[in-house]
Amino acid sequence: MANKVIVMQQVRLILQHLEQGLSLRAIATHLKISRPTVTHYANKLKTASYSLLQLRSMSDAALAAIIYPAVDTADIDESRRRKDLNERLPYFFTELKRTGVNKLLLWEEYRKECSDPYGYTQFCILLKESAQLKPTMHLTHKPGEMIMIDYAGQKMHYIDRSTGELIACPVFIGVLPYSNYTFAIALDNATIPQTIKALNKCMDLLGAVPSSLKSDNMKQIVSKSCRYEPTFSTALQQWALHYNITLLATRVAKPKDKAAVENHVKIAYHRLYAPLRDKEFYTLRDLNIAIAEQLAAHNNKILQKKDYTRSQLFTQEEKPFMQPLPESPFELKHQILAKVQRNYHITLGENHHHYSVPYQHIGKVVSVIYDTDVVEIYFQHTRIALHTRSFKQHDFTTVKEHMPDGHQKYYEQQGWTPQYFLNQAIIIGTATHQYMDNVLKSRAFTEQTYNACRGILRLRDQYGIQRLEAACNRALRGTVFNYRTIQNILVYKHDLLTDDKQPDLFKIPDHPNLRGPDEYQ
């Protein structure tokens, strides 16, 4: 078709054939270009103020200036419609940063306000042309040089069987930017001990140690941020010395400094979160097993437009350049002094959890050494108790052997078992039985609820069976199950309150015409 834009090489061929004296029809046939197109470019060449020889000696840029003269767009740009849109552009770019605002919404508002608006497609094109896009730089990483870490913005969850509560777990992610080999693990929390636990497991998975570790200015790692000399926390410095790794921190509010892990956090949402979104987990261990399975599939997936996986690239090209692991993983241990209480338990103040010790040490000051997994209790350099660390606040971890013999025998003689208290409660009523069952399930160590159960049963002697049953029925509406709740209901006579103020419709009213039981003797 006429005025069709052709490449500069074809323009020079047209110029060459014109010098040879060929006709326009012959040139069109030879170059396989339509005759109107050849005519259009031939007229431009012939009407130029240069000879054909001079035109042929020009550079492509100079020749293009003659063939394709610049279009004067001043009138277009300054047109009323474009001028109106240009005035609105700052507002559009500001609004696009707000949550939920998109181009379609802005265009619909613009169309209502403007008498002669652009269509949606042209509106989007003009917005894109006017946007000032910041350039990005491609960074080349050396194998084994660095690992980047971060916490995902969204948390994963598991269900506590005892309470039905949904427990949120932060997800730690580490990435080797050379091979994009990825590590992920869900944690109880994002504290320094848990972060170190995740780093240890990450090094174990890699089977080697990179030269440096880079993170943002998260408080677990950086205690004082600085563009040039950030101060790292003491615990992380100890960890870095143990693994012979250099700690690095990004600039403040510069996530692109660790773009690899930022990108893999997004990938984790697709490869880890999405496949597990409808599955239920009841322990953190089960959740991490599922994460490990999805992570293995991710690392062994063929990369797009490549013939290898992240795992293959890491094993073959990156791991040989990394340092070997130390003989043992780093252990961050805390040490405190605690006094053994009369209930032969000590309290770990970090999460107010109580751990038992042999009753012979009541009143003595013991040394407690703990990490994320184990709690060890020492008296005069001798370990007297060993417990698995629990992060459940205000709860008890008790070993039966730590109880005095009298306590254990007393329980056995009284027959204090969960079934004993349930049997006593069913005699009172179904509400009392159900409430007693909830009390027994409220503690991980059932023996710790026996005193509360005894107290509830003793309220029967003070207030009677009917009031105790009514109090338990009322207490079942709540979520807290203990002795104090029932006692308060009975003391303040809340069990006597009724929600339905209507009279008893099933009671036969007194009437002189009704004969009493005396008439039938």
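Before reading on, note that the structure itself is shown above.
Below is a short write-up of the structure. As the structure is a computational prediction, the values presented were derived from the model and not from experiment. (Residues numbered from 1 in each chain as written. Predicted model: local features only at pLDDT ≥ 70, side-chain atom pairs only at ≥ 80, totals over all residues. Heavy atoms only, no water.)

## Here we look at the sheet that holds strand 13 (residues 365–370)
Strand order in the open sheet made by the four strands is 10-13-14-15, with antiparallel pairing throughout. Lying at the two open borders of the sheet, with one neighbouring strand each, are strand 10 (334–339) and strand 15 (382–388). With strand direction ignored, the average angle separating the axes of adjacent strands in the sheet is 25°. Judged from the four bridges that link them, strand 13 and strand 14 (residues 374–379) form a sheet pairing that is antiparallel. Within the sheet, the bridge partner assigned to Y370 lies in strand 14 and is V375. (Pairing = 2+ DSSP bridges. Helix = DSSP H or I, 4+ residues; strand = E, 2+ residues; numbered from the N terminus. Axes fitted to C-alpha atoms, helices over the stretch in contact; angles between N-to-C directions.)

## A word on the nonpolar core
I147, F172, M203, L206, L213 and W239 are the most contacted members of the largest nonpolar core, which totals 33 residues. Looking at this core, the elements that each hand over two or more residues are strand 1 (146–151), strand 4 (171–176), strand 5 (181–186), helix 10 (192–206) and helix 11 (234–243). Broken down by element, this core gets its largest block of residues, six residues, from helix 10. What L213 contacts, discounting residues up to four positions off in sequence, is I147, I149, L199, W239, I245, T246, L247 and L248. Listed in part, the 24 residues of the second largest apolar core include C169, A186, V265 and L284. (Core = buried A, V, L, I, M, F, W, Y, C linked by side-chain atoms within 4.5 Å. Buried < 20%, exposed > 50% of the residue type's maximum accessible area, 1.4 Å probe, protein only. Contact = heavy atoms within 4.5 Å.)

## Some thoughts on the packing of aromatic side chains
Both the distance between ring centres and the angle between the ring planes are used here to describe each pair of aromatic rings. Counted by the stated rule, this structure contains 13 aromatic pairs. Ring geometry for Y151 versus F172: centroids 5.7 Å apart, planes at 80°, classification edge-to-face. With Y151 in strand 1 and F172 in strand 4, this pair connects stretches of sequence that are 21 residues apart. Put simply, the rings of Y91, F92, Y110 and F123 pair up and form one aromatic cluster. Directly above the aromatic system of Y118 lies the positively charged group of R81, at a separation of 4.2 Å from the ring centroid. (Phe/Tyr/Trp six-rings, centres within 6.5 Å; stacked < 30°, edge-to-face > 60°. Lys NZ or Arg CZ within 6 Å of the ring centre and 35° of its normal.)

## A few points about the pattern of salt bridges
With the rule as written, the count across this model stands at 17 salt bridges. Between K258 and D216 there is a salt bridge whose closest N-O contact spans 3.8 Å. Residue K258 is located in the loop between strand 9 (246–249) and helix 12 (259–273), and its partner D216 is located in the loop between strand 6 (212–215) and strand 7 (222–224); the two are separated by 42 residues in the primary sequence. Taking the relative accessible area as the measure of exposure, K258 reaches 1% and is therefore buried. Two residues, D437 and K441, come together in a salt bridge whose shortest N-O distance is 3.1 Å. The class of D437 is partly exposed, set by a relative accessible area of 23%. Several salt bridges share partner residues, and in doing so they unite D150, D216, K258 and E262 into one network. (Salt bridge = Lys/Arg side-chain N within 4 Å of Asp/Glu carboxyl O.)

## Structural notes on unusual backbone geometry
One can expect most non-glycine residues to show negative phi and most peptide bonds to be in trans. Not every positive phi belongs to a glycine, and A253 is a case in point at roughly 60°. Tracing the backbone through its elements, the reader meets A253 in the loop between strand 9 and helix 12. Exposure remark for A253: the relative accessible area of 69% places this residue in the exposed category. Even without a glycine there, the phi angle at H381 is positive, about 65°. Mapped onto the secondary structure, H381 falls in the loop between strand 14 and strand 15.

## Considering the sheet that holds strand 11 (residues 345–348)
The sheet built from three strands is open, its strands ordered 11-12-16 with mixed pairing. For this open sheet the edge positions go to strand 11 and strand 16 (396–397), each flanked by a neighbour on one side alone. When strand 11 meets strand 12 (residues 353–356), the two strands line up antiparallel, connected through four bridges. Bridge pairing links H345 to S356 in strand 12.

## Notes on the packing of helix 8 (residues 103–113) against helix 9 (residues 120–130)
Between helix 8 and helix 9, the least distance of the axes is 10 Å, while the angle of their chain directions is 115°. Between helix 8 and helix 9, the angle falls in the class roughly perpendicular. Where helix 8 crosses over helix 9, the handedness of that crossing is right-handed. Contacts from K103, L104, L106, W107 and Y110 of helix 8 reach helix 9 at Y120, F123, C124 and L127. Residue classes in the contact of helix 8 with helix 9 are distributed as eight nonpolar, no polar and one charged. (Parallel < 35°, antiparallel > 145°, perpendicular 65-115°, else oblique. Left-handed = near helix turned anticlockwise from the far one by under 90°. Nonpolar A, V, L, I, M, F, W, Y, C, P; charged D, E, K, R; others polar.)

## Looking at the side chain of N288
Assignment of secondary structure puts N288 in helix 13 (residues 284–299). Residue N288 is classed as buried on the basis of its relative accessible area of 18%. Each residue touching N288, except ones within four places of it in the same chain, is listed here: I185 and A186.

## Examining the pairing of strand 1
With six of its six residues buried, strand 1 lies for the most part within the structure. Here strand 1 shows a buried face lined by M146, M148 and D150 and a second buried face lined by I147, I149 and Y151. Strand direction decides the pairing type here: strand 1 and strand 6, joined by three bridges, are parallel. Bridge pairing in strand 6 places I147 opposite L213. Both strand 1 and strand 4 contribute to a ladder of four bridges, which runs antiparallel. Residue pairing in the sheet places Y151 in a bridge with F172 of strand 4.

None of this, on its own, says anything about what the molecule does.
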